[in-house]
Structure formats: structure tokens, C-alpha cells
Amino acid sequence: MKVIVIIPAAGLGALMAPMPSAMDAKVKKPHPSKQFSDLAGTPILIHTLRKFAGVDAVSEIWIALRESEIEGFRERLTKEAADVLKKKVELVAGGEHRQQSVEHALNGVSAAADDVVLVHDAVRPLVTAEIIHDVIEAAKKHGAALAALPAVDTVKQVERTADGAIVKATIPRAGVVLAQTPQGFHYSVIKKAFDEAAADGFMGTDEASLVERSGHEVVVVMGSPRNIKITNPGDMELAEFYLRK
């Protein structure tokens, strides 16, 4: 049985980008995607890749990038992350949306029906080997699994209006979890879900949402409060704090 990891990393990360300067506007200098921002001197994406490259069970890592970034990142891997290249690493062109990026990688994968495919956010560099292992084992057993945390705050369902949001209901926390990644699936399960979504023109919020829509139950394993998704500059400060501890 193989474990194949897909890292969708073709996003722009607009929330991380600083306001462009007048000089940048004149020379049309593009801001690097957030996954290439340095975290403690190393690109976030390379931190993330190292977490999976360090897991013995992982066989292959597929990275979906913007086409213009593929060659440059290939060179960076060779120069800065030879340890990642101890695994089979494939770089593919991503799509306009996360779902399309994962689909492009899935279309390139060669796998048996019960091989495990993990999908992980490029900007969750603090995932642990334990979480990765737990998701792999749950996916092996159940066909679909994800890391998640119980909801701590009270969850309100709201209706958006011109004057703001109005609370319509309070959702019991016992029935709510906050999804993280990795999310893991038998290859046959995730491929069927993606093929059905593509045929129907359906866009999900994550891979599990497509699998749920396809009729397959998704099992939850415990994630970690430290397994944060770096979305804004404040998250960078928190990630750097965790790395120092």
C-alpha cells in the first residue's frame, strides 16, 4: 500500500501580501505567494514538505504550483531541501482554485484503489508526525478521515443582511468540529468524489466535502491547536513562536 501526499500550493495568499508600493506598481513586481514566505529563514512550503518527507509511510509527494513557479521551486528544492527529495517528488501545474489543483495532481497519480491519498494545506507547516500517522491509519481503516479540533467557542448560525449579520440559531458545540488537514482517503474514494464533482460542476470547501457529497462517511481524528493555517501576518508570528518552543 502506498501513501501519496498532495500539497495544493498554487494560491496567491492575498491576505499575506503587503500593500503594494508605488515603485512595485511601476515595475509590476509580483509579490511572492504566501507559501514561499520565509518562516524562521525557510519558506513555509519547505517546512511543510519536510514534515511529510520525514514520515516513513509516505511514498510520494505531489505539489501543485502556479506554472510560472514550477522551475524556480524545483531549483530551490535541489539547493535548499535535498532531504525532501529523498521521497519521490512531482511538481504539477495547479488550477485557479484549490479543488482544481488537487484534481490536476490526482489525474497524474498512479495508485491502487486502496492506496491512501493525503491532502494537506501548503501553509500548515506545524503538522506533527503523530497527526499524519493517525490520519493515515484512520483512512486505511475507514476509507476517509481528517484531522480536526472540537469547537471551543459558542457557534452561532447567522443570516447576512445589508446592516450586518443577525443570529438565527445557536449550534451545540458537541456536534461541531473545526476541520484541519491532512485529510486522507482511499484513492478510489477521493477519485470518485472528484470525478463526480467535476461532472456536476460542484465546488467544495475541502476534499472531505466532496467525499461527503459522494456518500462516503469521513472519520475525525484529533488535530492540534498548533496545526495552524498561516493566513495573515499574525499567524506568522504565532508559527515562529511555536517553532522556537
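Being a predicted model, the structure only gives us computed values, none of them experimental. Along each chain, numbering runs from 1 in the same order as the chain's sequence is written. Given that this is a predicted model, residues contribute local features only at a pLDDT of at least 70 and side-chain atom pairs are listed and counted only at 80 or more, while totals for whole chains, interfaces and linings are drawn from all residues. With hydrogens and water set aside, each side-chain value is computed from the structure's full complement of heavy atoms.

Enquirer: Which residues make up the overall build of the chain, and what values do they have?
Expert: Counting from the N terminus, the helices are the DSSP runs of H or I reaching at least four residues and the strands are the DSSP runs of E reaching at least two. Helices and strands together make up the secondary structure of the chain, namely eight helices and 11 strands. Between the two quantities, the radius of gyration covers C-alpha atoms and the globule rule is 2.2 Å times the number of residues to the power 0.38. Rg of the C-alpha trace for the chain: 19 Å, near the compact-globule value of 18 Å for 245 residues, within the 12% margin. Taken along the three principal axes of its C-alpha coordinates, the chain extends 55 × 50 × 45 Å. The buried share among the 245 residues of the chain stands at 45%. Residues are treated as being in contact if the distance between any of their heavy atoms lies within 4.5 Å. Considering only contacts within the chain whose residues lie at least 6 apart along the sequence, 73% involve residues at least 24 apart. Where accessible areas are quoted, they stem from the Shrake-Rupley method and a 1.4 Å probe; at the residue level, only the protein chains shown are allowed to cover. On the chain, roughly 12800 Å² of surface is accessible, and the fraction owed to carbon and sulfur atoms is 53%. Burial here depends on accessible area, computed with a 1.4 Å probe over protein chains only, as a share of the maximum for the residue type. Under 20% is buried, over 50% is exposed, and the range in between is partly exposed.

Enquirer: Account for the confidence of the model for the chain, naming residues and giving values.
Expert: Considering every residue of the chain, the mean pLDDT works out to 92; 91% of them sit at 70 or more. Scored between 0 and 100, pLDDT is the confidence that the predictor attaches to each residue. Taken as a whole, residues 17-25 scores under 50 in pLDDT and shows three contacts with residues more than four places along the chain or in a different chain.

Enquirer: Can you break down helix 3 (residues 70-80) residue by residue, with the values?
Expert: Within an α-helix, residues lying three or four positions from one another point in the same direction, as the helix has 3.6 residues per turn. Three or more residues of helix 3 are buried, namely Ile70, Phe73 and Leu77. Down the axis of helix 3, the sector holding all buried residues measures 65 degrees, keeping them to one side. Exposed and facing more than 90 degrees away from the buried side of helix 3 are Thr78 and Lys79. Elements in contact with the buried residues of helix 3: helix 2 (44-53), strand 4 (60-65) and strand 5 (88-93). Each C-beta atom gives one direction from the helix axis, and the arc is the one those directions make.

Enquirer: Got a sec to walk through unusual backbone geometry? Specific residues and values, please.
Expert: Proline 182 follows threonine 181 through a cis peptide bond whose omega is 15 degrees. Relative to the elements of secondary structure, proline 182 occurs in strand 10 (residues 177-186). With a phi close to 55 degrees, alanine 40 is a non-glycine residue in the positive phi region. Residue position: alanine 40 is located in the loop between strand 2 (38-39) and strand 3 (42-43). When its relative accessible area of 56% is taken as the criterion, alanine 40 is described as exposed.

Enquirer: Help me get a handle on the nonpolar core, residues and values and all.
Expert: The biggest cluster of nonpolar side chains holds 35 residues, and the ones touching the most others in it are Leu45, Ile61, Ile63 and Phe73. Contributing elements (two or more residues each) for this core: strand 1 (3-9), helix 2, strand 4, helix 3, strand 5, strand 6 (116-119), helix 5 (129-142) and strand 7 (144-150). It is helix 5 that provides the largest number of residues to this core, a total of six residues. When near neighbours in sequence (up to four residues on either side) are disregarded, isoleucine 61 contacts Val5, Ile7, Leu49, Phe52, Ala53, Lys87, Lys88, Val89 and Glu90. We define a nonpolar core as any set of buried Ala, Val, Leu, Ile, Met, Phe, Trp, Tyr and Cys residues linked to one another through side-chain atoms lying within 4.5 Å.

Enquirer: Run through the side chain of glutamine 99, naming residues and quoting values.
Expert: With respect to the helices and strands, the residue glutamine 99 is situated in helix 4 (residues 98-108). Given the relative accessible area of 10%, glutamine 99 is considered buried. Apart from the residues within four sequence positions on either side, glutamine 99 is in contact with Phe194, Ala197, Phe202, Met203, Gly204 and Leu210.

Enquirer: Which residues make up the environment of glycine 95, and what values do they have?
Expert: In this structure, glycine 95 sits in the loop between strand 5 and helix 4. Taking relative accessible area as the criterion, glycine 95 reaches 19% and is therefore assigned buried. When sequence neighbours within four positions are dropped, the list of residues in contact with glycine 95 reads Ala10, Gln100, Ser101 and His104.

Enquirer: Pulling in residues and values, what's your account of the packing of helix 4 against helix 6 (residues 187-200)?
Expert: The axes of two packed helices give the description: the angle between them and the distance between them. Running from amino to carboxyl end, helix 4 crosses helix 6 at an angle of 125 degrees, the nearest separation of the two axes being 11 Å. Between helix 4 and helix 6, the interaxial angle falls into the category oblique. Between helix 4 and helix 6 the crossing geometry is left-handed. Within the contact between the two elements, helix 4 uses Gln99, Val102, Glu103, Leu106 and Asn107 and helix 6 uses Tyr187, Ile190, Lys191, Phe194, Ala197 and Ala198. Inter-axis angles, ranging from 0 to 180 degrees, are taken between N-to-C directions of lines fitted to C-alpha atoms, where helices are fitted over the stretch in contact. Roughly parallel here means an angle under 35 degrees, roughly antiparallel means over 145, roughly perpendicular means 65 to 115, and every remaining angle is called oblique. For a crossing to be left-handed, the near helix must be turned anticlockwise from the far one by less than a right angle; the clockwise case is right-handed.

Enquirer: Outline the sheet that holds strand 1, supporting the account with residue identities and numerical values.
Expert: Pairing in this open sheet of seven strands is mixed, and the strands run 5-4-1-6-10-7-11 from one edge to the other. Lying at the two open borders of the sheet, with one neighbouring strand each, are strand 5 and strand 11 (219-222). In this sheet, neighbouring strand axes are inclined to one another by 25 degrees on average, regardless of whether the strands run parallel or antiparallel. Pairing between strand 4 and strand 5: six bridges, direction parallel. For isoleucine 63, the partnering residue across the bridge sits in strand 5 and is leucine 91. Lying on the sheet, helix 3 is in contact with strand 4 and strand 5; it crosses strand 5 at an angle near 160 degrees. Any two strands between which DSSP finds at least two bridges are classified as paired.

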